[in-house]
Amino acid sequence: MVLGSDYDGTLCRGVISEADLEAIRRWRAAGHLFGVISGRGYTSLYHEVSVRNDVPYDFLIGNNGCVIYDGAGKLLANLAGDGAVLAPVVAAIIEAGGYHACISLPEERIMVEYPGATDRGDVT
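Let me begin by describing the structure that accompanies this report. (Residues numbered from 1 in each chain as written. Predicted model: local features only at pLDDT ≥ 70, side-chain atom pairs only at ≥ 80, totals over all residues. Heavy atoms only, no water.)

This part covers the side chain of Glu48. By the secondary structure assignment, Glu48 is in helix H2 (residues 42-52). Taking the relative accessible area as the measure of exposure, Glu48 reaches 12% and is therefore buried. Among all residues touching Glu48, those that are not within four sequence positions of it are Tyr7, Arg40 and Asn53. (Helix = DSSP H or I, 4+ residues; strand = E, 2+ residues; numbered from the N terminus. Buried < 20%, exposed > 50% of the residue type's maximum accessible area, 1.4 Å probe, protein only. Contact = heavy atoms within 4.5 Å.)

Below is the structure:
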């Protein structure tokens, strides 16, 4: 069996509880796979999971599903687009009244805020 958990606000709600870490250990000891899924890029997700919190895992899925790494840090899949669709997508977001876009790259995410976004009454 395979189980994946979102990171921010789900597995980590400020801190990762020892009870959650122990449940992950028991799950994996029973022969199941566990992974962490996030909108974060691999570098940020790896730091949070491995360095900061010592979460045992078998895979990491980052950039909102665009990249998949195994437990040893080997890139298994990179589903990121080539960027050709960015210009029309950004134009459509602006036209629809959006005020920012997030671009996911294999190692990071880039937040782009449009000029005048902070001047809109509905943006805080």
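Anyway, onward from the coordinates.
Turning our attention to the pairing of strand E1 (residues 2-6). Two strands pair when backbone bridges link them, and E1 and strand E2 (residues 33-37) are joined in this way by five bridges, in the parallel orientation. Bridging from a neighbouring strand, Val2 pairs with Leu33 of E2. Handedness of the crossover joining E1 and E2 through helix H1 (residues 18-29) is recorded here as right-handed. (Pairing = 2+ DSSP bridges. Right-handed = clockwise from strand over helix to strand, strands pointing away.)

Strand order across the open sheet formed by five strands is E1-E2-E3-E4-E5, with mixed pairing between neighbours. Two strands in the sheet have a free side with no partner beyond their single neighbour: E1 and strand E5 (75-78). Recorded for the sheet is a direction-independent mean angle of 20° between the axes of neighbouring strands. Those strands touched by H2 are E2, strand E3 (59-62) and strand E4 (67-70), and its axis lies near 135° from that of E3. (Axes fitted to C-alpha atoms, helices over the stretch in contact; angles between N-to-C directions.)

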